[in-house]
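Chain and residue survey
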Amino acid sequence: MVGDSVYTENLRRVTDAYDATLTEVDSIDRERFEAMVESADMLIIALHYVSHRDSNLAVDLAKAHGLTYATFNQHAKIPFEIALRTAAQRYEAAQVNAEE
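Residues numbered from 1 in each chain as written. Predicted model: local features only at pLDDT ≥ 70, side-chain atom pairs only at ≥ 80, totals over all residues. Heavy atoms only, no water.

For the protein, the count of helices and strands is four helices and two strands. Along its sequence from the N terminus, the protein presents helices and strands in the succession α-α-β-α-β-α. The buried share of the protein, reckoned over its 100 residues, is 36%. Once local pairs closer than 6 in sequence are excluded, the contacts in the protein between residues at least 24 apart make up 64%. Accessible surface for the protein amounts to roughly 6200 Å². Of this, 46% is attributable to carbon and sulfur atoms. (Helix = DSSP H or I, 4+ residues; strand = E, 2+ residues; numbered from the N terminus. Buried < 20%, exposed > 50% of the residue type's maximum accessible area, 1.4 Å probe, protein only. Contact = heavy atoms within 4.5 Å. Areas by Shrake-Rupley, 256 points an atom, 1.4 Å probe, with all protein chains shown as cover.)

Put into structure tokens, the structure is as follows:
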């Protein structure tokens with residue numbers, strides 16, 4: 001997840017319910033940021049707690065590495081859960097396409 005460290009614990013409860021692991025990514029260290037994005041299965045971007053530069057970088061890296069991603073724009077857990085489900089569905093579809 002890029003951004004929204006303020007509500008991480010609330011969001012972690014959502015990922016735990018989906019048996020997923022939530023890892024926060026800090027874009028300040030570009031090399032570490034890119035390495036973490038490369039190792040992710042999918043990327044969730046919290047637009048309201050990240051700069052335009054960093055959210056654009058996250059999207060560019062996701063596209064460059066063929067990662068599925070989704071964004072959300074509020075701190076409530078429902079928009080995050082929708083973004084998580086959206087990214088998961090895109091991820092599963094990409095896996096099916098890759099197998100075909």
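Turning next to the packing of helix H2 (residues 30–39) against helix H3 (residues 52–64). It is at 10 Å that the axes of H2 and H3 come closest, and there the two elements cross at 45°. Comparing their axes, H3 and H2 come out oblique. Handedness of the crossing formed by H2 with H3: right-handed. When H2 is examined against H3, the residues Arg 30, Phe 33, Glu 34 and Val 37 are found in contact with a partner set consisting of Asp 54, Leu 57, Ala 58, Leu 61 and Ala 62. (Axes fitted to C-alpha atoms, helices over the stretch in contact; angles between N-to-C directions. Parallel < 35°, antiparallel > 145°, perpendicular 65-115°, else oblique. Left-handed = near helix turned anticlockwise from the far one by under 90°.)

Moving on, we come to the environment of Ser 39. Residue placement: Ser 39 occurs in helix H2. Taking the C-alpha atoms as reference points, Ser 39 and Leu 67, 28 residues apart in sequence, are found 9.6 Å from one another. A polar atom in the side chain of Ser 39 sits 3.0 Å from the backbone oxygen of Met 36. (Polar contact = N/O pair within 3.5 Å; in protein donor to acceptor, adjacent residues only side chain to side chain.)

Now for the confidence of the model for the protein. Per-residue confidence for the protein averages 79 on the pLDDT scale, and 85% of its residues sit at or above 70. For the protein, per-element mean pLDDT is lowest for helix H1 (residues 8–17), which scores 78, and highest for H3, which scores 86. (pLDDT = per-residue confidence, 0-100.)

Bringing the side chain of Asp 54 into the picture now. In this structure, Asp 54 sits in helix H3. Residue classification places Asp 54 among the buried residues on the basis of a relative accessible area of 11%. A polar atom in the side chain of Asp 54 sits 2.7 Å from the side chain of Arg 53.

Turning our eyes to something else, we now look at H1. Every buried residue belonging to H1 is among Thr 8, Leu 11, Val 14 and Thr 15, and all of these are buried. Summarising the axial view, the buried residues of H1 lie within an arc of 115°, below the 170-degree limit, and thus occupy one face. Across from the buried face of H1, at angles greater than 90 degrees, the exposed residues are Glu 9, Arg 13, Asp 16 and Ala 17. Immediately beyond the C-terminal end of H1, within one or two residues, lies Asp 19, with a positive phi of roughly 55°. (Arc of directions from axis to C-beta.)

Moving on: the pairing of strand S2 (residues 68–72). Burial of S2 is one-sided: the residues Thr 68, Ala 70 and Phe 72 facing one way are buried, the residues Tyr 69 and Thr 71 facing the other way are not. Relative to S2, strand S1 (residues 42–46) runs parallel, the two sharing five bridges. Following the sheet pairing, Leu 43 is matched in S2 by Tyr 69. With H3 bridging S1 and the parallel S2, this β-α-β connection has right-handed handedness. (Pairing = 2+ DSSP bridges. Right-handed = clockwise from strand over helix to strand, strands pointing away.)

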